[in-house]
Amino acid sequence: MRAAMFYGPNKMIVEESSFSHSENEATIKMDACAVCGYDARVFRNGHRKVKPPVILGHEICGQTLQAINTSKGVLSAGTRVVVLPTIPCLSCWYCNNQQYNLCNNLMEIGSTINGGFAEYVKIPQQVIKIGGIVPVPENLCNEEATLLEPLACCLNGFSRLGEIEKDGVIAIVGDGPIGLLHLQLSKKLYNMRSIVIGKIPFRMQMAERMGADAVFTFGNGTEEDVSDFTRGRGADVVIVATSNPEALNFATKIAAKNSKINLFASFSNCNSFSPDPNWLHYNQVSIMGSFSSTPLTLQKAMKLVSDGEIDLSKMVTNRYSLNEIEHAMLATEEFHGLRVVVNRF
Amino acid sequence: MPENLCNEEATLLEPLACCLNGFSRLGEIEKDGVIAIVGDGPIGLLHLQLSKKLYNMRSIVIGKIPFRMQMAERMGADAVFTFGNGTEEDVSDFTRGRGADVVIVATSNPEALNFATKIAAKNSKINLFASFSNCNSFSPDPNWLHYNQVSIMGSFSSTPLTLQKAMKLVSDGEIDLSKMVTNRYSLNEIEHAMLATEEFHGLRVVVNRF
């Protein structure tokens, strides 16, 4: 099969790769695989989790090559599906408590094992067992479907926040696809007044069109902008949806009393984050990490999108073939459009 | 205030209400989870009682004062460890390597802050219940928070609702305050009362003659 093999930083080669199918796996013929910011960062810098050579890509939509038995019945061959990229061990404490994203022996499709930038991807039995293969309804195109995985991650993040202030304000730091998914969720599910803070004019326009109540440019005056918008109170929820480490201290500057700051992203360089414990204490602020998604949030994402609550149709802007994988990485790291998808293999 | 509560016990309803406010911030708490309470003072032991009675958690108290650590054992702590070099390992052993699902920082010792992150499990919640006089060195790794889905949550003071809830818990006999007050002073002796508090004598110090 053809695959974009990652051999190390800046080295990804589209080549013929051997592919064999075993009993314990399901094979998916790829229709579309979106490029996550993570893929672009790994391509550029490598990552402690990634041992080359390996095929990246974890925002997967494709067709089952053979029938698959799942806990919810049989998926016949040729069913369009999306896939949970986390592969749990099913034996550690976290797996026993259905917190598969926190598995002590976690493997990930497109990170520790071969992923979706290829003609075919193999899905281990554990993913099938936990309900990690979800059929895609007719009304959703392949490219939109790739965004269900990141949407599921956003839902996982929201699920960590506990009770959310009525009529509260959410500030989303980051105007990328992840920021705009958070924006849609905050409007639809929580009816919050939503601020998007970004840097890229096109993305900030998209934020406005998707219903942001305010869109501010990240810079010197942004704290004041948020303060003015919230009448001095600050935001009740702050989502850090950017890998820019400057966003961390900024988040604490715009957070209201009793607020929750979600560290949704990971950061490449973040030595300087020192939140004042007394500030956290006296203002009753929470800083909450969230990571990846679970079968439940993937299924919930699917329901929200197929019910028309969340609209993914404007999220994919740039399309590439597998041969153009380096262009796809570049477009992602240079913030072209919104989501970049590989859709010809 | 109900009849069955003496004046001195009743003074502990306010701190108990603060502890309830802290617990109310934590959201859903792990079933069969482990809580580690860093601090063996009256606040630590109120957290201990609440964690046992309300959440049925396996409860570790980490302290420094022998009398208070004995009291923690008598009040039902499943493990009591001395705060020091080997404590991370003690917690790791007790939790089979997993760490604590809830960590309550119930001491003003700023060393407890980084220690709390060392004993926190994945998906855990760390409550900064105390304030700190000197804490320049707290720099939790944002990637660690992200990948392990850990929360650091401040809580401050109490509300009318938590004070009323504290009163109900105590008057219903769910929480026992009778062993919490150990040292009594008159108003004239106020400086002694302050000294006894800062030197960790007994548990709670009360002024009861005015």
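Nothing here was measured: the structure is a model prediction, and the numbers come from that model.

Examining the overall build of chain A
Along the backbone of chain A there are 12 helices and 20 strands. For 345 residues, the compact-globule estimate of 2.2 N^0.38 gives 20 Å, and the C-alpha radius of gyration of chain A, at 20 Å, lies within 12% of that figure. The C-alpha extent of chain A, read off along each of the three principal axes, is 60 × 40 × 40 Å. Every one of the 345 residues in chain A was classed for burial, and the buried ones make up 59%. Taking as baseline every contact in chain A between residues at least 6 positions apart, the subset at least 24 positions apart corresponds to 69%. Of the roughly 13700 Å² of accessible surface on chain A, 46% is carried by carbon and sulfur atoms. Side-chain charges in chain A split into 31 positive and 33 negative, and the spacing between the mean points of these groups amounts to 3 Å.

With respect to the overall build of chain B
A count of helices and strands for chain B gives 9 helices and 8 strands. Relative to a compact globule of 210 residues, whose C-alpha radius of gyration would be 17 Å, chain B shows 17 Å and is just as compact. Looking at chain B as a whole, 56% of its 210 residues are labelled buried. When contacts within chain B are restricted to residue pairs at least 6 apart in sequence, long-range pairs at least 24 apart make up 64% of them. Carbon and sulfur atoms form 48% of the exposed surface of chain B, whose accessible area is close to 9600 Å². Where the 19 positive side-chain charges of chain B centre and where its 24 negative ones centre are 5 Å apart.

Section: the packing of helix α6 (residues 177-190) of chain A against helix α7 (residues 201-209) of chain A
Residues and elements named next belong to chain A. Contact geometry of α6 with α7 gives a least axis separation of 10 Å together with a crossing angle of 10 degrees. Classified by the interaxial angle, the pair formed by α6 and α7 is roughly parallel. When α6 is examined against α7, the residues Pro177, Leu180 and Leu183 are found in contact with a partner set consisting of Arg203, Met206 and Ala207.

Examining the sheet that holds strand β4 (residues 54-55) of chain A
All names here are of chain A. In spatial order, the strands read β2-β1-β4; together these 3 strands make up an open sheet with antiparallel pairing. Of all the strands in the sheet, just β2 (11-16) and β4 have a single pairing partner and so form its edges. Pairing of strand β1 (residues 2-8) with β4 involves 2 bridges; the strand directions are antiparallel. Across the sheet, residue Met5 finds its bridge partner in β4, namely Ile55.

Comments concerning the domain arrangement of chain B
Residue and element names in this part refer to chain B. Under the domain assignment used here, chain B contains domain 1 (7-154) and domain 2 (181-210). In this structure, domain 1 and domain 2 have C-alpha centres spaced 25 Å apart. The interface is formed by 14 residues belonging to domain 1 together with 10 residues belonging to domain 2. In this assembly, domain 1 packs against domain 2 so that about 910 Å² is buried in total across both faces, 68% of it on carbon and sulfur atoms. Three residues, Glu8, Pro42 and Arg68, lead the burial of domain 1 against domain 2; their summed loss comes to 52% of the area buried on that side. For Glu8, the salt bridge is made with Arg184, and the minimal N-O distance between the two is 2.6 Å. Looking at the side of domain 1 that touches domain 2, the elements with two or more residues in it are α3 (42-55) and α4 (66-74). Broken down by class, the residue content of the side of domain 1 that touches domain 2 amounts to 9 nonpolar, 2 polar and 3 charged.

Details of the domain arrangement of chain A
All names here are of chain A. Looking at the assigned domains, one finds that chain A contains domain 1 (2-147 + 312-344) and domain 2 (153-289). Spacing between the C-alpha centres of domain 1 and domain 2 amounts to 28 Å. Taken together, the contacts link 12 residues of domain 1 with 16 residues of domain 2. Carbon and sulfur atoms make up 67% of the surface buried where domain 1 meets domain 2, a total of about 1100 Å² over both sides. Along the contact surface separating domain 1 from domain 2 lie 0 salt bridges. Across the domain 1-domain 2 interface, the total number found is 2 residue pairs in polar contact (both at pLDDT 80 or more). Of the residues that constitute the side of domain 1 that touches domain 2, the class distribution is 5 nonpolar, 4 polar and 3 charged.

Notes on the packing of aromatic side chains
For the structure shown, the criterion picks out 10 aromatic pairs over all chains. Seen from their ring centres, Phe81(B) and Phe94(B) are 6.5 Å apart, and the 75 degrees between their planes marks the pair as edge-to-face. Of this pair, Phe81(B) sits in strand β3 (residues 79-82) while Phe94(B) sits in helix α5 (residues 87-94); the two residues are 13 residues apart in sequence, bridging distant segments of the chain. Assigned by exposure class, Phe81(B) and Phe94(B) land together as buried. Taking the ring centre of Tyr7(A) as reference, the NZ or CZ of Lys11(A) above it sits at 5.7 Å. Here the guanidinium or amino end of Lys122(B) rests over the ring plane of Tyr94(A), the centre of that ring lying 5.6 Å away.

Details of unusual backbone geometry
Residue and element names in this part refer to chain A. Each neighbour pair has its own omega, and for Pro52 with Pro53 the value is 0 degrees, a cis peptide bond. Following the sequence through the fold, Pro53 ends up in the loop between α1 (37-45) and β4. For Gln98, which is not a glycine, the phi torsion comes out positive at approximately 60 degrees. Residue position: Gln98 is located in the loop between α2 (93-96) and β10 (107-108). Of note, the phi angle at Gln284 is positive, near 55 degrees, even though the residue is not glycine.

Here's the deal with the pattern of salt bridges
Applying the stated rule across the entire model yields 15 salt bridges over all chains. Note that Lys122(A) and Glu25(A) form a salt bridge whose closest N and O atoms lie 3.8 Å from each other. Of this pair, Lys122(A) sits in strand β11 (residues 120-124) while Glu25(A) sits in strand β3 (residues 25-35); the two residues are 97 residues apart in sequence, bridging distant segments of the chain. Glu25(A) sits in the partly exposed class, given a relative accessible area of 23%. We note a salt bridge from Arg209(B) to Glu189(B), for which the minimum N-O separation is 4.0 Å. Here Glu189(B) lies in the loop between β7 (181-186) and α9 (190-198) and Arg209(B) lies in strand β8 (residues 204-209), a separation of 20 residues in the sequence.

A closer look at the sheet that holds strand β1 (residues 34-38) of chain B
Spatially, the 12 strands line up as an open sheet ordered β15(A)-β14(A)-β13(A)-β16(A)-β17(A)-β18(A)-β6(B)-β5(B)-β4(B)-β1(B)-β2(B)-β3(B), and their pairing is mixed. The open sheet has two free edges, formed respectively by β15 (214-217) of chain A together with β3 of chain B, since each of these has just one partner strand. Neighbouring strand axes in the sheet, compared pairwise and without regard to direction, differ in orientation by 20 degrees on average. Relative to strand β5 (residues 120-128) of chain B, helix α6 (residues 111-119) of chain B is tilted by about 155 degrees, and along the sheet it contacts β1, β2 (58-63), β4 (100-105) and β5 of chain B.

Re the pairing of β15(A)
Residues and elements named next belong to chain A. Relative to β15, strand β14 (residues 193-198) is paired through 4 bridges, and the arrangement is parallel. Residue pairing in the sheet places Ile197 in a bridge with Phe216 of β15. Taken together, β14, α7 and β15 constitute a β-α-β crossover, and its handedness is right-handed.

Basis of the calculations
- Residues numbered from 1 in each chain as written.
- Chains lettered and ligands numbered in written order.
- Predicted model: local features only at pLDDT ≥ 70, side-chain atom pairs only at ≥ 80, totals over all residues.
- Heavy atoms only, no water.
- Helix = DSSP H or I, 4+ residues; strand = E, 2+ residues; numbered from the N terminus.
- Rg over C-alpha atoms; globule rule 2.2 N^0.38 Å.
- Buried < 20%, exposed > 50% of the residue type's maximum accessible area, 1.4 Å probe, protein only.
- Contact = heavy atoms within 4.5 Å.
- Areas by Shrake-Rupley, 256 points an atom, 1.4 Å probe, with all protein chains shown as cover.
- Lys, Arg positive; Asp, Glu negative; His and termini not counted.
- Charge placed at Lys NZ, Arg CZ, Asp CG, Glu CD.
- Axes fitted to C-alpha atoms, helices over the stretch in contact; angles between N-to-C directions.
- Parallel < 35°, antiparallel > 145°, perpendicular 65-115°, else oblique.
- Pairing = 2+ DSSP bridges.
- Domains from an automatic or database assignment.
- Buried area = accessible area lost by both parts, 1.4 Å probe.
- Salt bridge = Lys/Arg side-chain N within 4 Å of Asp/Glu carboxyl O.
- Nonpolar A, V, L, I, M, F, W, Y, C, P; charged D, E, K, R; others polar.
- Polar contact = N/O pair within 3.5 Å; in protein donor to acceptor, adjacent residues only side chain to side chain.
- Phe/Tyr/Trp six-rings, centres within 6.5 Å; stacked < 30°, edge-to-face > 60°.
- Lys NZ or Arg CZ within 6 Å of the ring centre and 35° of its normal.
- Right-handed = clockwise from strand over helix to strand, strands pointing away.

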